[in-house]
4 protein chains.
Amino acid sequence: MHNLREEKVFKDPVHNYIHVQDELIWLLINTKEFQRLRRIRQLGTSYLTFHGAEHSRFSHSLGVYEITRRIISQFERNNYPDWPQGERLVALCAALLHDLGHGPFSHSIEQAFEMNHEDWTCRILLGDTEVGQVLKRMGEDFPEKVASVIRKDYANEIVVNLVTSPLDADRMDYLLRDAYFTGVNYGTIDMDRILRMLRPYQGRVVVKETGMHAVEDYLMSRYQMYWQIYFHPVTRSSEIILRQIFRRAKELYAEGYKFSFLPQPLPGLFNSDLTVEQYLLLDEALVQTAFMQWKNEEDALLSDLCTRFMDRKLYKYVELESFNLEKIKEIREEFRKLGLNPEYDLEIDFPTDLPYDVSRPDEELRGKQILLLDKQERLVEISEVSDIVRSISGIQRGKFYLYYPHNKMQAVWHRLPVELSQIFGQER
Amino acid sequence: MHNLREEKVFKDPVHNYIHVQDELIWLLINTKEFQRLRRIRQLGTSYLTFHGAEHSRFSHSLGVYEITRRIISQFERNNYPDWPQGERLVALCAALLHDLGHGPFSHSIEQAFEMNHEDWTCRILLGDTEVGQVLKRMGEDFPEKVASVIRKDYANEIVVNLVTSPLDADRMDYLLRDAYFTGVNYGTIDMDRILRMLRPYQGRVVVKETGMHAVEDYLMSRYQMYWQIYFHPVTRSSEIILRQIFRRAKELYAEGYKFSFLPQPLPGLFNSDLTVEQYLLLDEALVQTAFMQWKNEEDALLSDLCTRFMDRKLYKYVELESFNLEKIKEIREEFRKLGLNPEYDLEIDFPTDLPYDVSRPDEELRGKQILLLDKQERLVEISEVSDIVRSISGIQRGKFYLYYPHNKMQAVWHRLPVELSQIFGQER
Amino acid sequence: MHNLREEKVFKDPVHNYIHVQDELIWLLINTKEFQRLRRIRQLGTSYLTFHGAEHSRFSHSLGVYEITRRIISQFERNNYPDWPQGERLVALCAALLHDLGHGPFSHSIEQAFEMNHEDWTCRILLGDTEVGQVLKRMGEDFPEKVASVIRKDYANEIVVNLVTSPLDADRMDYLLRDAYFTGVNYGTIDMDRILRMLRPYQGRVVVKETGMHAVEDYLMSRYQMYWQIYFHPVTRSSEIILRQIFRRAKELYAEGYKFSFLPQPLPGLFNSDLTVEQYLLLDEALVQTAFMQWKNEEDALLSDLCTRFMDRKLYKYVELESFNLEKIKEIREEFRKLGLNPEYDLEIDFPTDLPYDVSRPDEELRGKQILLLDKQERLVEISEVSDIVRSISGIQRGKFYLYYPHNKMQAVWHRLPVELSQIFGQER
Amino acid sequence: MHNLREEKVFKDPVHNYIHVQDELIWLLINTKEFQRLRRIRQLGTSYLTFHGAEHSRFSHSLGVYEITRRIISQFERNNYPDWPQGERLVALCAALLHDLGHGPFSHSIEQAFEMNHEDWTCRILLGDTEVGQVLKRMGEDFPEKVASVIRKDYANEIVVNLVTSPLDADRMDYLLRDAYFTGVNYGTIDMDRILRMLRPYQGRVVVKETGMHAVEDYLMSRYQMYWQIYFHPVTRSSEIILRQIFRRAKELYAEGYKFSFLPQPLPGLFNSDLTVEQYLLLDEALVQTAFMQWKNEEDALLSDLCTRFMDRKLYKYVELESFNLEKIKEIREEFRKLGLNPEYDLEIDFPTDLPYDVSRPDEELRGKQILLLDKQERLVEISEVSDIVRSISGIQRGKFYLYYPHNKMQAVWHRLPVELSQIFGQER
C-alpha cells in the first residue's frame, strides 16, 4: 500500500483537522468494525450529567491517531536517532485501533459480564474481520504486531510507550476532547508545547526538562477532570442503574425468564459465549433499544430500572462521613427489615484515582513514570524536580457515597431508625 | 408554581451555563418526553460527515430556551414598554418545547411517512403526557397557549416573533451549536451583541440600527453553514439511503413481507396510525437497531441499504452541469437497460436555500423580515440599508447532483454509453 | 548561515507558536531596526476605540513570517513543481521585513509629511543598518532581492504574489490579529483550510476550487473588519486630530516658532531631510512624549490639539445625508462667520473600501485577482463561480462624516443658522 | 448623578463587553488621570519576552471594575442580606481606580526611587485632579471613602474584601488578561463558576463549598502564571537592566552630571519631590523616549544600558545550584579582579511566590484566607478540605540566577578562574 495520492482530512473540533496520508489508515477507518465505534460513546453515561458529552469513541480514536501522527512526524523531522523509523505504521495502527474492542457503556458492561475490551480488540484485529483483512495486506504478521503493541508486549518498547504511558496520545486526546464536549475548561492543556518537548530516548518517550510546567499542568488537569467529570455522582448513579439492569437481566435469563424482547446477540452476551461477529453487533443503540422495550417487561424490577435509566429518574445519593464494613452491613440489615431490597436499593460507591503515582520502587513502574531529560542528558523522574508533582503524588482522595431510589426511601421514611434518617436526610 | 429556591444550571459548551430559575421549566426538562430528545440528533445524519456532530435536540432545546431567557431578561431589565411582561413563561415554554415532536432523523422520516414534527409537538403538549400534565399546573388553557405559539397563531404576536423569525433564538442556537460540534468556524456569530440590540417594538422584535453589521454577519454565517454543513453532499448521500430504507421497508410491509425484526412501534409507523404514546417510542437508537438487524434480512435490497447506512458505504455522486427532465428520463432509461434499478440506484438532489429573501411584497412576509429601528424610531427592512444584505438577497444557488451505488456502476462500467461514462467519470 | 541547532519559538496568541529554524531569520529579528517595530502599534490610534488594540507591528511581522513559512513548508512537503525551492529565504525575509519602514502612527504621519513606508523599508534594507549587514551575509545582492520583492518588481513573480496579493500572508495575519486584540469576532477566518488549499501554479499562488467557501468567508471578514474596526468613527476622529497636530507643528516650525520641546529627529522630520539613522529614532513613544510636553506649549491651538489627543477628548461627529462640495463650502463659510476656524474646527471624512474588485479588465489586475484552480486544472477568477463574491464585488459603501470640536460648537450654538443646527444636532 | 440614559459598553477581548451603567463611572473613565493608564503597560517589561503583552493598566482596570460589577449584581439579584446595598458605588470606584497611581514600569521604578503606587493612588484621588473632582460630586467625603477601601482600612470590611483578597476581582482579571495577551493558556480559569459561587457572609466574601474545585484550579493557574510569565528569566533580565538605568541616572544626577535630555518631570523624580501634577506626567512613552535619547549620552555605562534595553540586548543568565552569601562575595571579588564592575555587571535574582499560604496562625491572615461555606453554613478554610490546596500550600520554590552582560564576560573568558567558568559555562 502507498501514500494516498492526496491527503484526506476529517474536520475535528479538537485538533481542527485529522490528516490521513496513508492508504492503510484510510482503509482501516472505512471498515465496518471501526465505523461501529460511532455507536459507542466515549464517556458512557456522562451525557446524562453533561448533555454535550455525546461524542463517540470513533472521534476519540481519530484523535489519538492524529496526536500519534504529529509526535512521530516531529521525531522524523528532527531525525532523532532513538526513533525506529520502520515502526511508524505499527504505531499509527495501534493508536487508531486501541479502543476497537470497547463495548456499549464499556466499563459497566465489562463489570457485569466479566469481559475485557483489550481482549476483544485483539480478537477483532486477529480475527476474520474487515480490519484484520486490511492489516494483513501489510504482511501476515502485521495484525499480531499491532495487537502486541496494544497488549504492551511488543518487542520495541518505545512503540508501546508512545501508545500507553502516563503522557500518551490516548490521555491527551481524551482530556482535550472530554473537556471540549462537556464544556468544562479544566482539560485545556498546552498540547502543542508538550508535543514539542517529547523526545525518543533509549527506548522511551521522555520530556525535555523545559516542558516540566506543561506536564504539571497536564497532571493537574487530569486530576480535575477525574473529579469534575469522570467521577461526577450523577454519572455514577446512572452507571449503578446500568449495572443493575445488566445484572437483573442476566439473573432473569439464567432463571429461564421469557423476555418479550431479546434480539441477537443478547442471549450470547448472557451466556458469555459471544463470537467476534456477534460481539460486533453490540452497540449503544441496541442497549438503549432493549431498555426502551424492557420498560414494559413483566418483571417489575427490570421494568423499573429501565424506566429510571431511559427517563433519567436516577438514584439519589448521600455522602458517608466515614466508612466501615460493619456499618454497611447494619444499614443493609435495616433495609431488609424495612422491606427494601439491599441488593438493588442500596449501592456503595467509592471512586478513587491517583493523579500520579511513583511511590512503589518496583519494576512495574517502568512505563508508568514521566521522565524528564535535562540539559546534561540525564533522566529524572518528574516528581524529583517538580514541587507540584511531588505534592500531589499519592493524594488518594475519595468519598463514600450511598445510592438508592428516592421514592422507595420516601415510602418508608416514617419508619426509618434515627441513624438512617440522619444519613439519608442530607440527600442530593 | 414558584421560582426555584436556588437557581439550577446545566453546563453547556455553547452558552457556558443554562440557567433555570422557574420550577415549571425544571419540571418540564425532567419529563420523559423531553428526555427523549437526548436520543434524537440535532443534525440527523451529519455525524457521518462531521464526526463531532453527535449533539442532540435535547441540548439544542436547552440552548433555545437559554437565549430566549436572556432576551426576555434584557427586555425586563430595561423595562421596555412594548414587552408584555405576563408572557414570559409562555415564551420560555414554547422556546424549550418547540422541537418536542421531532422524530428520529427527522427530515427523512417526515418525508418518507408524510408526518410533520410541529403537529406531533402540539399533540404531545396537548395530550396525556408528563409534559402536558406539568403545563396544566399553570392553568387548563396553558398547554394550548404554548401550542399556539408553536403553531404561530398565538394572539400576542411578539411572542411568536420571539420564537420564530429570521433572527430568533432557534436559529441563533443552532448556528452556534452546529458550528461548535462540527468544528467549523463559519457559525461563530456575535450573539451577545445581537441580543443587546434586540428591542420589542409594536408587536415585533426588531434590531437597533447600530446592530446592522452583526446581523449581516449572522446572515452570512447562516449562508455558509447551509453550504458547508447542512447541504454537504456526503450528508445528502446518507439521507438518500435513509429515505430509501424507509421507503423499501414500507413497501415490503405493505406487501405483507415477514420482517425478522419489527418491534413496536414500527408497524404503527408503517400503517400511519401511531398514537402519541407509540410515537414517543421512536428514537434514533431504535432506528439504528432495526437497521443493524435488517442487515441480515432476506430482502437483498433492504439488507444492502442497511449495510450501506450502518457501515457507511454511502452512494457516490457526480455534479450535473445543467438539469432538464428529459435528460434525467433518458438516464433512468439507460439505467433500466443496464439492469440497474433507477428507483433505488439513482437519485437526483437539488439542495437550495435563500440566505435572506424579502423580494415578495405580500403579507406573508410579515414575520420573515428583519427590521431595523433607526435613531428616529423608524423601522426599515434591513436590505434597504445594508449593501451586503441587498447583495445576497435572492441568491439562489444550487447544484444538481446524481447519487448512485458505486459498486453497481462499476459492474456495468464497460457497457456504459459514452454520455453516461462522461457524467459518471467525475465521481466523488 | 545554517539552520539553528535547535528551533526557536515565540509564543504568539494568534498562531500559538512562531517557529524559527533559520539562523538568518533569528539574526534579523534581533536587529535594532526590527526591535523598533515593538514601538509602532499595528493599528495606530485604534487603541483609543478598542482598548485591547495595543499590539505592535513587531508581532504582526512575526505573524506574516510564520504564515509564509507554513505556506512554503506545505509547498515543499508536497513537492509542487511550480514552487521555486531556491526562493524560500528571500520570501521569508520579505515577509518578515515588509513593514520595517513604518513610522509612528504610520498612515497619519505619511499623509502629513508626504512619506512612504515602503520607500523607507527599502532604504533600511539597503542602508548601513544591522538588518542590511545581516542580509548581506547571504550575498551582496541579497538585500536588493528582498527589497525588490517588497517593491513588487522581483523577477520571480510567485514570490511577490506570495507576499502581496488579495489572499496573502499579510492580510491573513492582520485580520486574525486585529480581531484577536480588539476582541471582535468578525475576523476569525479558517486559515488552516485556506493554507491547505493554496497551490503554486504558473507563477501565481492560486486556490484549489474546494477552498472557495473559505475564501468567501475571508472576503466577508475583511469587509466587516474594515467597517467595524479600521473605519470606526472614533478612530477616524483621533486620526484627524493626530494629523492636525502634525500639520500645526509643521506650520509653526516653518514660521520659526520656538518649541519648548523638540528633540531629535523632529527638526529633520519637519524639514523633510531625515537620514535613515534619524528615521529609525522615530517611534510612538517619542510622538506621545512630544505631545505630552506640547500640552503646555504657548501656541493655544497646538496645546489644545495635544490635550485632546493625549486625554482622549476627541472630536464629535455627525453623518452627512448627502455630499456636495458646494454645501461644504457653505458650511466652512458659516464657520468662519461664527468665529470658528474651518481649517481646524471642521474635517470631512469619507472612508471607503472595496471588499473585492475585479471589474477593470486591464493588466493592472494581474496580482489583484483571486484565482481558483478547478478539477480540470483550469484557472477561474473567483467572482465567476462564487455568487457571494460576485454579489459583493464593487460594493462601494461609504458615508460622509463631519468632525469638529464639541465645546467650540457649544459656545456658538445659540448663533447657529437653522441648517447647521439640523446637521450638528445629531451629534455622536 | 444618575444612571446613564443608555448603557455604554467597551469591547473587551477578555470579558467580551465592559458594561457601564452609572454616569459616575463613565465620567471617571474619561478623566485624564484614568486615560493616562493607557500609557502604562499591565505587565511592565514582559512584552520583551511575550510580544503580545502590550496590554495596558487601562484595560486591566476596566476588567477589575467589570468583574466587581458582576459580583455585586449577583449579590443584589439574589438579595443576599449580608451585602450592604449602599456600598455599591464605593466598591465600583475602588475597583476601577485601585491602580491609578501606578508609574511607568511600576515595580522597577518603585524599587529604584522608593515610591509606592498605593500612596500615589490615594494622593491622586484626594488631590485637585479631574478624578478627585468627579468623586466629590458624590459628596465631600466620597474620595476619602474610596481611598480608604484601597488602603484597606474602610469601616465596612466586606467592601475591602471584595477588592482585595486572595480571590478578588483584581487577581481574576489579571490572570485571565495576562494569559490572553501573552497567549499562554495556564490562566484560563472558570470565572463564571467562581462568580456564581461567591457569597457575602458575615463581613466577608466567601465561596460556596461546591465551588471548591474551581478555586483549586484558580490557585494552580495562579501558581503556573507566576512561574511561566511573571518570573520568566528574560523578563527578570530586562527588569534588572531597567533598574540599573534608573540607578545610574540617579547617581549621575546626584553628581551634577549634565544630561543632554532631561525633560520634566525627571528632575523631580531624581530629587524625590514630585508633585501630583508632575507625577501624572510620568508614563512609559516618556521613559522609553528618555532611554532612546540616552543611548547617545556621554556616560558610557548609561548609554550601554539604554542600548541594551531599547534594542533588547539583554543580560544572559545562569542558574546557581545553591546559594550562600560567601560565595557571592567571592564571585564579586573575582569580577573586580577581572576588571568588571560587580555593581552593574552582576545581579543576583531570587524570584519567589507562595501559591497560597495559611500557615501562620495570627490575626494578619484575616483577609488572606479563602473560606468555604458548607451546606451547614459553616465556614472552613479551604486547605482544611482540599487535598490539592493543602498539598501546595507553603511550596516555596525559587531558584537563584546570576545575570550579567555576555559580551563583557566573553572578553575576559580566557582569564576566568575554573570555578567561574563552570558557573558561567551554562549560560542561557
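Remember, predicted model here, so these are calculated numbers, not experimental data. (Residues numbered from 1 in each chain as written. Chains lettered and ligands numbered in written order. Predicted model: local features only at pLDDT ≥ 70, side-chain atom pairs only at ≥ 80, totals over all residues.)

A. Region of interest: the overall build of chain A. Across its full length, chain A holds 23 helices and nine strands. Along the longest, intermediate and shortest principal axes, the C-alpha atoms of chain A span 75 × 50 × 35 Å. Per-residue burial over chain A gives 49% buried out of 428 residues. (Helix = DSSP H or I, 4+ residues; strand = E, 2+ residues; numbered from the N terminus. Buried ≥ 20, exposed ≤ 12 C-beta atoms within 10 Å, placed from the backbone.)

B. Region of interest: the pairing of strand β1 (residues 3–12) of chain C. All names here are of chain C. Of the pairings in the sheet, the one linking β1 to strand β2 (residues 16–22) comprises six bridges and is antiparallel in character. Bridging from a neighbouring strand, Phe10 pairs with Ile18 of β2. Linkage of β1 to β2, two consecutive antiparallel strands, is achieved through a turn of three residues. (Pairing = 2+ DSSP bridges.)

C. A look at the environment of Ser393(B). Mapped onto the fold, Ser393(B) is located in the loop between α21 (387–392) and β9 (400–404). C-alpha separation for the pair Ser393(B) and Ser383(B), spaced 10 residues apart in sequence, amounts to 7.7 Å.

D. Layout of the interface of chain B and chain A. Contacts between the two partners involve 34 residues from chain B and, on the opposite side, 34 residues from chain A. Every element with two or more residues in the side of chain B that touches chain A is listed here: β1 (3–12), α2 (32–35), α3 (57–77), α10 (169–182) and α16 (284–294) of chain B. Here the side of chain B that touches chain A takes six residues from α16(B), the largest share from any one element. A class-by-class count of the residues in the side of chain B that touches chain A yields 15 nonpolar, 11 polar and eight charged. (Contact = placed C-beta atoms within 7 Å. Nonpolar A, V, L, I, M, F, W, Y, C, P; charged D, E, K, R; others polar.)

E. Broad picture of the sheet that holds strand β9 (residues 400–404) of chain D. Residue and element names in this part refer to chain D. Spatial strand order, β5-β9-β6: three strands in an open sheet with antiparallel pairing. Looking at which strands have only one partner, the edges of the open sheet turn out to be β5 (316–320) and β6 (347–349). Across this sheet, the average inter-strand angle for adjacent strands is 30°, counted without regard to direction. Sheet topology places β5 next to β9; five bridges connect them, and they run antiparallel. Counted as the bridge partner of Leu320 is Phe400 from β9. (Axes fitted to C-alpha atoms, helices over the stretch in contact; angles between N-to-C directions.)

F. The arrangement of the packing of helix α13 (residues 233–254) of chain D against helix α17 (residues 300–311) of chain D in detail. Residues and elements named next belong to chain D. Contact geometry of α13 with α17 gives a least axis separation of 9 Å together with a crossing angle of 150°. If you check the angle between α13 and α17, you find them roughly antiparallel. Note that α13 runs across α17; the crossing there is left-handed. Between α13, through Ser238, Ile241, Leu242, Gln244, Ile245, Arg248, Ala249 and Leu252, and α17, the contact on the second element is made entirely by Leu301, Leu302, Leu305, Cys306, Arg308 and Phe309. Its residues placed into classes, the contact of α13 with α17 shows 10 nonpolar, two polar and two charged. (Parallel < 35°, antiparallel > 145°, perpendicular 65-115°, else oblique. Left-handed = near helix turned anticlockwise from the far one by under 90°.)

G. The sheet that holds strand β3 (residues 198–201) of chain C, seen in detail. Residues and elements named next belong to chain C. Strand order in the open sheet formed by four strands is β3-β4-β7-β8, with mixed pairing between adjacent strands. Each edge of the sheet is formed by a strand with only one pairing partner; in this case those strands are β3 and β8 (379–381). On average, adjacent strands in this sheet sit at an angle of 45° to one another, irrespective of strand direction. With two bridges connecting them, strand β4 (residues 204–208) and strand β7 (residues 371–373) associate as parallel partners. In the strand pairing of β7, Lys208 is matched with Leu373.

H. Fine view of the environment of Val215(C). Residue and element names in this part refer to chain C. Relative to the helices and strands, Val215 resides in helix α12 (residues 212–230). According to the C-beta neighbour criterion, Val215 is buried, with 25 such atoms within 10 Å. Placed 22 residues apart in sequence, Val215 and Arg193 show a C-alpha to C-alpha distance of 9.4 Å. When near neighbours in sequence (up to four residues on either side) are disregarded, Val215 contacts Leu167, Ile194, Val207, Ile370 and Ile382.

I. Broad picture of the UniProt feature "domain: HD" (unreviewed entry) in chain A. The sites that UniProt annotates as "domain: HD" (unreviewed entry) are residues 57–175 of chain A. When the span residues 57–175 of chain A is considered, its composition is 67% helix and 0% strand, and the gap between its end C-alpha atoms is 13 Å. (UniProt positions renumbered as here; feature names shortened; annotations may be inferred.)

J. Structural view of the relation of the copies chain D and chain A. Once chain D is rotated about the relating axis by 180° and shifted along it by 0.0 Å, it coincides with chain A to within an RMSD of 0.0 Å. Each copy turns onto its partner about a two-fold axis. Ranked by how close their C-alpha atoms come to the rotation axis, the residues of chain D are headed by Ser391(D), at 2.6 Å. In this assembly, 100% of the residues forming the interface of chain D have copies in chain A that are likewise at the interface, indicating an isologous arrangement. (Least-squares fit on C-alpha atoms with pLDDT ≥ 70 in both.)

K. Representation of the interface of chain D and chain A in the model. Across the boundary between the two partners, chain D contributes 16 residues, which contact 16 residues of chain A. Elements that contribute at least two residues to the side of chain D that touches chain A include exactly α12 (212–230) and α21 (387–392) of chain D. The dominant element in the side of chain D that touches chain A, judged by the number of residues it contributes, is α12(D), at six residues.

L. Examining helix α16 (residues 284–294) of chain C more closely. The element α16(C) is extensively covered by neighbouring structure, given that 11 of its 11 residues are classed as buried. Listed in full, the buried residues belonging to α16(C) are Glu284(C), Ala285(C), Leu286(C), Val287(C), Gln288(C), Thr289(C), Ala290(C), Phe291(C), Met292(C), Gln293(C) and Trp294(C). Looking at the buried positions of α16(C), the neighbouring elements they touch are α13 (233–254), α14 (266–271) and α17 (300–311) of chain C together with α16 (284–294) of chain D.

M. Structural detail: the relation of the copies chain B and chain A. Overlaying chain B with chain A gives an RMSD of 0.0 Å, the required rotation being 180° about an axis along which the chain moves by 0.0 Å. A symmetric contact is evident, with 100% of the interface residues of chain B recurring at the interface of chain A.

N. Here's a closer look at the packing of helix α4 (residues 88–97) of chain A against helix α8 (residues 142–151) of chain A. Residue and element names in this part refer to chain A. Contact geometry of α4 with α8 gives a least axis separation of 9 Å together with a crossing angle of 60°. Our classification of the angle between α4 and α8 gives oblique. The two elements α4 and α8 meet at a crossing, and its hand is right-handed. Note on element contacts: α8 touches α4 through Lys145, Val146, Val149 and Ile150, opposite Val90, Cys93, Ala94 and Leu97. Among the residues making up the contact of α4 with α8, the classes are represented as seven nonpolar, no polar and one charged.

O. Looking closely at the confidence of the model for chain A. All names here are of chain A. For chain A, mean pLDDT is 92; residues scoring 70 or higher make up 96% of the total. Segment residues 359–363 is flagged for pLDDT under 50; beyond a separation of four residues in sequence, or across chains, it makes three contacts in the model. At the level of chain-chain contacts, confidence expressed as ipTM amounts to 0.94, with global pTM at 0.93. (pLDDT = per-residue confidence, 0-100.)

P. Representation of the environment of Arg204(B) in the model. Residues and elements named next belong to chain B. Summarising the element assignment, Arg204 is placed in strand β4 (residues 204–208). A tally of 20 C-beta atoms within 10 Å means that Arg204 is categorised as buried. When the C-alpha positions of Arg204 and Asn161 are compared, they lie 6.2 Å apart, and in sequence the two are 43 residues distant. Look past the residues within four positions of Arg204 in its chain and what remains in contact with it is Ile158, Asn161 and Leu371.

Q. How the structure looks around unusual backbone geometry. In this chain, Gln264(A) is followed by Pro265(A) through a cis amide linkage whose omega measures -5°. You can see Pro265(A) is positioned in the loop between α13 (233–254) and α14 (266–271). Unlike most non-glycine residues, Arg312(C) shows phi in positive territory, near 55°. Positioned with a positive phi, Asn79(D) is a non-glycine residue whose angle comes to about 50°. Along the chain, the position of Asn79(D) falls in the loop between α3 (57–77) and α4 (88–97). According to the C-beta neighbour criterion, Asn79(D) is exposed, with 8 such atoms within 10 Å.

R. Region of the structure containing the pairing of strand β4 (residues 204–208) of chain D. Burial analysis of β4(D) places four of its five residues in the buried class, the great majority of the element. In this antiparallel pair of consecutive strands, strand β3 (residues 198–201) of chain D and β4(D), the connection spans two residues, and Gln202(D) shows a positive phi of 50°.

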